[in-house]
Amino acid sequence: MARRLRFIGTNSGNNGCPTLYEDLDTGEVLVQGDAVADPDDVAQLRNVKPGEAFVTVPRVLLADFAPREVDRVPVMIGFDEFDGMFRTFEHTAWRLESRRRYQSDEETETYRRFAFSEDAGWDLDDPWCASRREQSALGKRFERVRIMDSPPTVGQRYLLDNARRNSAVGEDIRSLWRSDADRLNLPDEDFWLFDSRVIARLHFDDADRMTGVELVTNPVEVVRACQIRDAAWHHAVPYDVFARRVPGVE
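Residues numbered from 1 in each chain as written. Predicted model: local features only at pLDDT ≥ 70, side-chain atom pairs only at ≥ 80, totals over all residues. Heavy atoms only, no water.

A.B. asks: Help me understand unusual backbone geometry, please; the structure alone is not making it clear to me.
C.D. replies: Generally, phi is negative for residues other than glycine and the peptide bonds are trans, each holding for most cases. Cis peptide bonds are those with omega within 30 degrees of zero, and the linkage from Ser-150 to Pro-151 qualifies with 5 degrees. Examined against the element boundaries, Pro-151 turns out to sit in the loop between β8 (141–148) and α7 (154–168). Positive phi, close to 65 degrees, is recorded for Ser-117, a residue that is not glycine. By the element assignment, Ser-117 lies in the loop between α5 (109–115) and α6 (127–137). Residues other than glycine seldom take positive phi values, yet Asp-208 does so here, at roughly 65 degrees. Position of Asp-208 relative to the elements: it lies in the loop between β11 (198–204) and β12 (210–216). (Helix = DSSP H or I, 4+ residues; strand = E, 2+ residues; numbered from the N terminus.)

A.B. asks: Sorry if this is basic, but what is going on with the sheet that holds strand β7 (residues 92–97) here?
C.D. replies: Picture the strands of a sheet paired through backbone hydrogen bonds; they go either parallel or antiparallel. Reading across the sheet, the 8 strands line up as β6-β12-β11-β10-β7-β8-β9-β13 and stay open at both edges, with mixed pairing between neighbours. Looking at which strands have only one partner, the edges of the open sheet turn out to be β6 (75–77) and β13 (237–238). Note that β7 and strand β10 (residues 191–194) share 4 bridges and pair antiparallel. By the bridge assignment for β10, Leu-96 is matched with Phe-191. Running over the sheet, α6 touches β8, β9 (171–177) and β10 and is turned about 125 degrees from β8. Taken strand by strand, helix α9 (residues 219–235) contacts β7, β8, β9, β10, β11, β12 and β13, and its axis lies near 105 degrees from that of β10. (Pairing = 2+ DSSP bridges. Contact = heavy atoms within 4.5 Å. Axes fitted to C-alpha atoms, helices over the stretch in contact; angles between N-to-C directions.)

A.B. asks: I'm lost on the environment of Val-36 in this one. Help?
C.D. replies: Secondary-structure assignment places Val-36 in the loop between β4 (34–35) and α1 (39–42). For Val-36, a relative accessible area of 21% gives the class partly exposed. Considering only alpha carbons, one finds Val-36 and Val-55, 19 residues apart in sequence, at a separation of 5.4 Å. Setting aside anything within four residues of it in sequence, one finds Val-36 in contact with Asp-41, Val-42, Phe-54, Val-55 and Thr-56. (Buried < 20%, exposed > 50% of the residue type's maximum accessible area, 1.4 Å probe, protein only.)

Right, dumping it as structure tokens:
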């Protein structure tokens, strides 16, 4: 049965080559271009199967007309696998924290103490801190930018206090006013970016409880996350400097 093809576009004038078409039933893209037939060229290509053919097209054709919207099934990973990523990454782990509260924080004894204006009692020898020190000693970098409202919520003030603990075990934490984040068009998202190549996007329910972790490797989204990181990191300030600008925080 013949394919049902839709013409997408061409930048070749009237000669019809090179051109892109879309299969209306499968969503596949067909590429029309000059055939690659030189044996020396074909010999450099990998995993060539019988019946496969190759064509050349200008890069600008793909930039102008290649479909950009694709329906993708989210890849969700378990919390154990997510925890393992903090040991297996190679260079950098960067976090954007944009929420006003986190249910998981509010369930801790340190939060209860902080909310009652007591010393939170951070334990620098707990397993989480030990793991951070171990990975930092290997030369790996842990960095975060935390978005703060004005005035900060109780949960955000708690995280500002928490930054003392995280910094002591190897993390570099900076803060940014939400008004500045909005000016920079930063998203209201929470995610980790590992080694500038994979995103762990955190999902939350209406009660601010984390419900899942989505793994994203799409290069377009990874590049976008890198741009978000660069803009946020450039404008954010170290947590201790930021704390001095918040009334009532020492």
